[in-house]
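Okay, here's what each chain looks like letter by letter:
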Amino acid sequence: MKTQLTKLLNDAVATLQAEGTLPAELAPEVMIERTRDRAHGDYASNLALMLAKPARCKPREIAEKLVAAIDPDEQLQKIEIAGPGFINFFLDNQAWHSVIDDILAQGDLYGRSDYGKQRRIQVEFVSANPTGPLHVGHGRGAAYGAAVADLLAAIGYNVHREYYVNDAGRQMDILAASVYLRYLELCGATLTFPANGYQGDYVWDIAASLHRAHGEALQHPVEAVFQDVPADEPAGGDREAHIDAIIARTRTLLGQIRYRLVFDEGLNAILGNIRQDLEEFGVRYDEWFSERSLSDNRSVEAAIERLQRSGHVYEKNGALWFMSTDFGDEKDRVIVRDNGQSTYFASDIAYHANKLERGYDRVIDIWGADHHGYVPRVKAALKALGDDPDRLDVLLVQFAVLYRGGEKVQMSTRSGEFVTLRELRREVGNDAARFFYVMRKCEQHMDFDLDLAKSQSNDNPVYYIQYAHARVRSVFRQLQEKHLNWDRDAGSEGLSILLESHEQDLIISLSRYPEVLETAAIHHEPHQLTHYLRELANDFHTYYNAHTFLVDDTKVRNARLNLIEATRQVIENGLGLLGVSAPDTM
RNA sequence: GCGCCCGUAGCUCAGCUGGAUAGAGUACUGGCUUCCGAAGCCAGGUGUCAGAGGUUCGAAUCCUCUCGGGCGCGCCA
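These numbers come from a predicted model, not from an experiment.

## Here we look at the overall build of chain A
Thought 1: Broken down by element type, chain A carries 21 helices and 15 strands.
Thought 2: With respect to the principal axes defined by its C-alpha atoms, chain A has extents near 90 × 65 × 40 Å.
Thought 3: Put simply, 73% of the contacts in chain A that link residues at least 6 apart link residues at least 24 apart.
Thought 4: Averaged over its 63 positive side-chain charges, chain A has a centre that lies 1 Å from the centre of its 87 negative ones.

In structure tokens, the structure reads:
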């Protein structure tokens, strides 16, 4: 309909240009919008306002000329000029009815499109370090990333969902050391756990399974582990130096193979836990990309060499620096430390180079907002490598701040004081969690009131929408109990009698769904879908209260059942894209 | 100090990316069911869109500055 109106207006402009009323050199972009208020018709265009200046003419005069030049169309009931010069299109009441047939025919495909033309997009999200369970902050990234990926897939992109596993690097070594120390404690040793170690209970669990699998075979005297280790922070020393020394000692004592055993025990346990968590949360991936693989296959070295060849690398104080300031970054960044170790940033350069090499038309990174300072240097690196940094979109998700009993819940992975995603899911359910997480724009801070979310009170908009779905199911159950039947084809034949205002509103809302999907996907804004679904549910509940569907008049009954079944279908489709279930009963 | 994000009704947030009288939920008050699920519906009002300039036919939306809040500014990841 929109494209049809656009064509009508374009033709009108051409007509006026041909007769010299409008300057021929104008090439206006015709904008057609849904009206916010039905008093303004169904669609409106600001074309006359746009043309006013270049045509040196009053907007309302142009509007009148345009309207006069528009070819008649049977779908159009009338055209009005309003306000400063808007052209308002009023569609025939029956113009919308066909959407009901479309929905029932297309089923769960309704709303999908080929806008993306199967262009390939990679979406990388969550990618939390496997050093502990996912917490509620990761949950938002998971829900948001999954929704964005599903939305893009729904409008015809070929989406590749990826998790970058940080299975290399110092944090993982700290985890391995933490596991080993807990293991020693299980063997009966007494020691002071490092301030910088991972203190969560899950570390005990990993140590316990290590102990079950290997008994005391990996044991070394505590004195040996702490030999020549500088004091920890509580003892007046440096916490970083302390833990690094413990890692080094653990490595030496265990040797390469056994150290890897401990390391992998931690990695596999936690990664397995993360994968299960996401799976249960309805978040699925096409690929789990290992950071370690980048160093194993020398991709990191290769990336560093490419950077060196680009001429934007120099040496200073024994370290290798990337001149990211040449590309707008605030300062230059180290890629190889003076001890020969490449930095996390170096891995990230290799990883992003790898992503682009894989030939995606577009690469989307979803990061926690605390990483925003990282964006310029990654883009700088891509530019230096001769890649197009604009192929990379970085979406930043603000943290969800938890409130419990009216107080902010402090979170720190290290200290182990955090609410896990799993706990949240158990408390409020997957549906509410998935929906709540994407209700707000990603760059908006989110206050997550645990008490409210936990309480079974129904301030929760997800129930409101699910209830609309369950209500439709219930109507059809009633239909059977009353031994009535639904003739879908007859309903389709009789759609023209759906002329009540509630029916019109509902039908128009249904017709908006594909447009909502498209804008929500293009702008990476799943919250638009949540708002839409709430409005749709509202239209349905209003209709439900105003009219009875199971009436004796079979023509009316069938048509109305077609309408509410179409509504149910759209709710199911929309909730499905958000990872929320559409229940038959509440 | 520098950079990024945010500031809209008492509270939580939308505002279709520059359009018409700035809207929802929640909270508060009152009403609606012999009838398909009342987890619902209807009615009632609230705004210095943080503030000040600027851009134009038109600004909550774009630009500049100020104020307030969050985050970031490691040879950590």
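## Considerations on the sheet that holds strand S6 (residues 158-165)
Thought 1: Taken in spatial order, the five strands line up as S7-S6-S5-S11-S12 in an open sheet, and their pairing is parallel. At either end of the open sheet lies a strand with only one pairing partner, and these are strand S7 (287-290) and strand S12 (392-397). The sheet shows a mean angle of 25° between the axes of neighbouring strands, direction not considered.
Thought 2: Sheet analysis places strand S5 (residues 120-124) next to S6, joined by five bridges and oriented parallel. Looking at S6, one finds that Arg-120 is bridged to Asn-158.
Thought 3: Sheet strands touched by helix H5 (residues 136-154): S5, S6, strand S11 (362-368) and S12. Its angle to S6, the strand with the most contacts, is close to 155°.
Thought 4: Where helix H13 (residues 375-384) meets the sheet, its contacts fall on S11 and S12, and the angle it forms with S12 comes to roughly 170°.

## Comments concerning the protein's contact with RNA strand B
Thought 1: As a structural note, the neighbourhood of RNA strand B is formed by 61 residues, with Arg-36, Arg-337, Arg-440, Tyr-464 and His-547 the closest of them.
Thought 2: Take Asn-317: an N or O atom from its main chain is 3.0 Å from a base nitrogen of RNA strand B.
Thought 3: Between Asn-545 and RNA strand B, the recorded distance is 2.8 Å, taken from a side-chain N or O atom to a base nitrogen.
Thought 4: Of all elements in the fold, only helix H2 (47-55), strand S4 (86-91), helix H6 (170-186), strand S9 (319-322), helix H17 (461-481) and helix H20 (527-546) reach the threshold of two or more residues within the surface near RNA strand B.
Thought 5: Considering every element that reaches the surface near RNA strand B, the biggest residue donor is H20, with eight residues.
Thought 6: Partitioning the surface near RNA strand B into residue classes produces 19 nonpolar, 25 polar and 17 charged.

## Observations concerning unusual backbone geometry
Thought 1: Of note, Asp-228 is a non-glycine position whose phi angle comes to about 65°, a positive value.
Thought 2: Assessed through its relative accessible area of 72%, Asp-228 is described here as exposed.
Thought 3: Phi is positive for His-483, which is not a glycine, with a value near 60°.
Thought 4: Within the element layout of this structure, His-483 appears in the loop between H17 and helix H18 (488-493).

## Overview of the domain arrangement of chain A
Thought 1: Annotation of chain A at the domain level lists domain 1 (2-91), domain 2 (98-114 + 459-577) and domain 3 (170-280).
Thought 2: Computed from C-alpha coordinates alone, the two centres of domain 2 and domain 3 are separated by 56 Å.

## Description of the packing of helix H7 (residues 201-214) against helix H9 (residues 239-280)
Thought 1: Packing of H7 against H9 leaves a shortest axis separation of 10 Å and a crossing angle of 125°. Between H7 and H9, the angle is such that the two are oblique. Both H7 and H9 take part in a crossing whose hand is right-handed. Residues Tyr-202, Ile-206, Ser-209, Leu-210 and His-214 of H7 form the contact with H9, whose participating residues are Leu-261, Val-262, Glu-265, Gly-266, Ala-269 and Ile-270.
Thought 2: Residue composition of the contact of H7 with H9, by class: seven nonpolar, three polar and one charged.

## Here's the deal with the packing of aromatic side chains
Thought 1: Scanning all chains against the criterion turns up 25 aromatic pairs.
Thought 2: Each ring, one from Tyr-180 and one from Tyr-183, has its centre 5.8 Å from the other, and the planes form 20°; the classification is stacked. Of the two residues, Tyr-180 and Tyr-183 are both situated in helix H6; the distance of three residues between them amounts to about one turn of the helix.
Thought 3: Taken together, Phe-322, Phe-327, Tyr-344, Phe-345, Trp-367 and Tyr-374 form an aromatic cluster joined through their ring pairs.
Thought 4: One residue, Lys-316, lies across the ring of Trp-321, its end atom 4.6 Å from the ring centre.

## Quick word on the sheet that holds strand S10 (residues 333-336)
Thought 1: Ordered by their spatial adjacency, three strands build an open sheet running S8-S9-S10, and the pairing between neighbours is antiparallel. Here the strands that pair on one side only, and so sit at the sheet edges, are strand S8 (313-316) and S10. The sheet shows a mean angle of 45° between the axes of neighbouring strands, direction not considered.
Thought 2: As judged from the three bridges shared by S9 and S10, these two strands associate in the antiparallel manner. Across the sheet, Phe-322 pairs through a bridge with Arg-333, a residue of S10.

## A word on the environment of Lys-117
Thought 1: Structurally, Lys-117 is set in the loop between helix H4 (98-106) and S5.
Thought 2: Residues Lys-117 and Glu-61, 56 residues apart in the sequence, show an inter-C-alpha distance of 41 Å.

## Brief notes about the pairing of S8
Thought 1: The pairing of S8 with S9 spans four bridges and is classified as antiparallel. Bridge pairing in S9 links Glu-315 to Leu-320.
Thought 2: Count of turn residues in the S8/S9 antiparallel hairpin: two residues, of which Asn-317 carries a positive phi of about 55°.

Criteria and cut-off values
Residues numbered from 1 in each chain as written. Chains lettered and ligands numbered in written order. Predicted model: local features only at pLDDT ≥ 70, side-chain atom pairs only at ≥ 80, totals over all residues. Heavy atoms only, no water. Helix = DSSP H or I, 4+ residues; strand = E, 2+ residues; numbered from the N terminus. Contact = heavy atoms within 4.5 Å. Lys, Arg positive; Asp, Glu negative; His and termini not counted. Charge placed at Lys NZ, Arg CZ, Asp CG, Glu CD. Pairing = 2+ DSSP bridges. Axes fitted to C-alpha atoms, helices over the stretch in contact; angles between N-to-C directions. Near = heavy atom within 4 Å. Polar contact = N/O pair within 3.5 Å; in protein donor to acceptor, adjacent residues only side chain to side chain. Nonpolar A, V, L, I, M, F, W, Y, C, P; charged D, E, K, R; others polar. Buried < 20%, exposed > 50% of the residue type's maximum accessible area, 1.4 Å probe, protein only. Domains from an automatic or database assignment. Parallel < 35°, antiparallel > 145°, perpendicular 65-115°, else oblique. Left-handed = near helix turned anticlockwise from the far one by under 90°. Phe/Tyr/Trp six-rings, centres within 6.5 Å; stacked < 30°, edge-to-face > 60°. Lys NZ or Arg CZ within 6 Å of the ring centre and 35° of its normal.

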